[in-house]
Amino acid sequence: MFTKKIIQPVVLAFFGFILFSCDKDFNTIGVDIIDDNHFVFGTSDRDATVIAYNEDLPIVQTDNLTINPLGIYRNSTFGTQTAHFVTQLVLPSSTPSFKIINEDPEITEVILYIPYFSTAGTTTDGVTQYTLDSLYGTSKLKLSVFENGYFLRDLDPTNNFTQAQKYYSNQGNDFENFKRGAAADGTSVAGGERLNNSTSTNENDAFYFNNTQITETSTDDEGTETTKKLVPGMYLTLNKEFFQKKLIGGYLNGKLSNTNVFNDYFRGLYFKVEPSAEDPNGSSLAMINFRGGKITVKYKEDFEKITGNTTTIIRTEKTLDLTLGGYSASLVTQNRTTEYQNALQNASPTLGDDRLYINGGAGSMAIIDLFGRDENGESVELENYRSKGWLINEANLTFRIDRDAMGENKEPQRIYLYDIKNKRPILDYVRDQTSSSKPKFAKRIHSGIIVKEDDKGVYYKIRLTNHISNLLRKDSTNVRLGLVVTEAISVVSNNNLKNPSASGLKEVPLASVLSPLGTVLYGSKSSVPLGQRLRLEIYYTKPD
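So, how was this worked out
- Every chain's residues receive numbers from 1 upward, in the order its sequence appears when written.
- Reporting in this predicted model follows two pLDDT cut-offs: at least 70 for local features of residues, and 80 or more for side-chain atom pairs to be given and counted; totals over whole chains, interfaces and linings ignore these cut-offs and use all residues.
- Side-chain calculation: all heavy atoms of the structure are included, whereas hydrogens and water are not.
- Only Phe, Tyr and Trp rings take part, Trp by its six-membered ring, and two of them pair if their centres are within 6.5 Å. Stacked means planes under 30 degrees apart, edge-to-face means over 60, and tilted covers everything else.
- Elements are defined by DSSP. Helices are runs of H or I of four residues or more, strands are runs of E of two residues or more, and each kind is numbered from the N terminus.
- The criterion for a charge sitting over a ring is simple: Lys NZ or Arg CZ within 6 Å of the ring centre, and within 35 degrees of the ring normal.
- Summary of the metric used: pLDDT quantifies the predictor's per-residue confidence within the range 0 to 100.
- By definition in these notes, contact holds between two residues if any of their heavy atoms fall within 4.5 Å.
- Salt bridges are defined by distance alone: a side-chain nitrogen of Lys or Arg within 4 Å of a carboxyl oxygen of Asp or Glu.
- Type-normalised accessible area, obtained with a 1.4 Å probe on protein chains alone, sets the label of each residue: buried when under 20%, exposed when over 50%, and partly exposed for intermediate values.
- The charge count treats Lys and Arg as positive and Asp and Glu as negative. His and the chain ends do not count.
- Note on pairing: two strands pair once DSSP finds at least 2 bridges between them.
- Only the stretch in contact is used when fitting a helix axis, every axis being a line fitted to C-alpha atoms; angles between N-to-C directions are given from 0 to 180 degrees.
- Remark: nonpolar core denotes a set of buried residues (Ala, Val, Leu, Ile, Met, Phe, Trp, Tyr, Cys) joined through side-chain atoms within 4.5 Å.

With that settled, consider the packing of aromatic side chains. The full count for this structure, using the stated rule, is 26 aromatic pairs. Here the aromatic rings of Phe98 and Tyr251 are separated by 5.2 Å at their centres, their planes lie at 80°, and the arrangement is edge-to-face. Of the two residues, Phe98 is situated in the loop between strand 4 (79-87) and strand 5 (106-115) and Tyr251 in helix 3 (residues 240-252); the sequence distance between them amounts to 153 residues. With a centroid separation of 6.4 Å and an interplanar angle of 55°, the aromatic rings of Tyr167 and Phe175 are classed as tilted. Chaining the aromatic ring pairs together yields one cluster made of Tyr150, Tyr167, Phe175, Phe178 and Tyr327. In this structure, Lys246 packs its charged tip against the face of Tyr265, placed 4.5 Å from the ring centre.

Next comes the structure, spelled out in structure tokens:
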């Protein structure tokens, strides 16, 4: 709601302007003033209607995301989120060609490496210390990597293969039911042993997101040892007998001849997470760029060395890299708390809600209506404001966090306001050209960045000055606004919902799908105390 305070004396208004101008959050106030003898500063002189309510987004499109969650995240406010992942593998640019002279090639080792998002710190004795980014919780998990048996199409046959195939967050059973593992001899079988079958439990039954620098040592044919240091990442030894059958056997049967044949033959990997027996109630989830990962297959094959008229067969060490850059899908389930589920089921588009549950992934958002509207979509209230001839200097929506509801749960660093009708950012986002060395904190004037006290979130403020100015002065359409969490403020594209939401939404910002976090904000309902209630503040000047 608007605050009711009015500043009538010009002198007081001038000093108010000076004070606001010193505050970085209000550095645009008064920019349209030409002569302060003919204008008055102030805020709105009456209550304005602001209605905000919850919207459930239970099933979202999750194919080919730029980053994907993996793990189990327990949140006492929202519930437990479990995130699996499936991806195709990609052959090298040149089709693999194995040499077979006396003996078949022999795979000696298979390593899966996927770097985590991390920040390098100090280096001691040649070892760099790292801090992992986008990691929520540090518990151990049971991680199983299987062969994917469910075909990942890149084109949708129901649309005559003219549109990309969509996969959704709730399709986990499709991949679980068709997963394949390895038999004792490495043969691919349904119900077989997982591929990350190392005797080291930190690669499977007691897996955790390790922040330790990885040292990788290799030896060439001449016996020279080379050491390479890698940033922290998922580093798993995979079943070499399985890959012997799958790759060498597949090559001999023409299954590695081109991408299409290979993708149907070897349908990729399925990453499954479960609670660890060591920590059954643990919580640990990381956002990962799987496309930055690869499988390095080390093998030996025959090589002909010709010296004069003599040909010698030498067993040579070789490597083949398969990348994880193919079609992929994030598979997310959420076991919601009763309070959270009830809030979504009892949302009130007419009266607004007292708490707004903004949750990423297969979660929820808030819908915001400004100035009220009748059954025809018209707003008498908005027309009244337009008639006043105000020059809008600044407008903000301030969302206060319900600290009791959030407890000790991790808060999203940012929320994102957008135009629901046109599925795009509002004008203030577009005109804000501020940048940052940390991409998540670009467009800091438009903001939506969390404000903290004593390391606890207090509120989010979003500037919508241009949006309100256009509504009042340029007669633009008073569209509904959507509020979501964001993992990447620069990402403004949208992903589909599997089914329309209660309010008829068919899409949701991709930035929200990428985030596993959520926050609880005080809403607009009259039962919320004024000091906590969702506020729309407009600072203006008007002819005296």
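Moving on, we get to the confidence of the model for the protein. For the protein, the average pLDDT comes to 89, and 90% of its residues sit at 70 or higher. The low-confidence segment residues 1-39 (pLDDT under 50) makes 79 contacts with residues lying over four places distant or belonging to another chain.

Before going further, it helps to spend a moment on the pattern of salt bridges. If you walk through the whole model with that rule in mind, you get 24 salt bridges. Here Glu176 and Lys272 are joined by a salt bridge, their closest N and O atoms 3.0 Å apart. You can see Glu176 sitting in helix 2 (residues 172-177) and its partner Lys272 sitting in strand 15 (residues 269-275), a full 96 residues away along the chain. Here Glu176 and Lys272 have matching classes, each one buried. Its salt-bridge partner being Arg424, residue Asp419 comes within 3.9 Å of it at the nearest N-O pair.

Okay, the side chain of Asp63 next. Note on placement: Asp63 falls in the loop between strand 2 (50-56) and strand 3 (68-75). Although buried, Asp63 forms no salt bridge, and the nearest oppositely charged side chain, Lys166, lies 7.0 Å from it. Among all residues touching Asp63, those that are not within four sequence positions of it are Gln165, Lys166, Tyr167, Tyr327, Ser328 and Ala329.

Turning our attention to the sheet that holds strand 14 (residues 233-237). Strand order in this open sheet of four strands is 14-5-17-18, and the pairing throughout is antiparallel. The open sheet terminates on both sides in strands that have one partner only, identified here as strand 14 and strand 18 (310-323). On average, each strand axis in the sheet is inclined to that of its neighbour by 25°, with strand direction left out of account. Bridge count between strand 5 and strand 14: five bridges; the pairing is antiparallel. Counterpart to Tyr113 in the pairing with strand 14 is Tyr235.

Quick look at the pairing of strand 5 now. Relative to strand 17 (residues 294-307), strand 5 is paired through seven bridges, and the arrangement is antiparallel. By the bridge assignment for strand 17, Tyr113 is matched with Lys294.

Moving on: the nonpolar core. Counting residues in hydrophobic clusters, the biggest one holds 43 residues, and the most contacted among them are Ile368, Phe371, Phe399, Ile468 and Leu483. Membership of the second largest hydrophobic core comes to 41 residues, among which are Ile114, Leu132, Phe262 and Val297.

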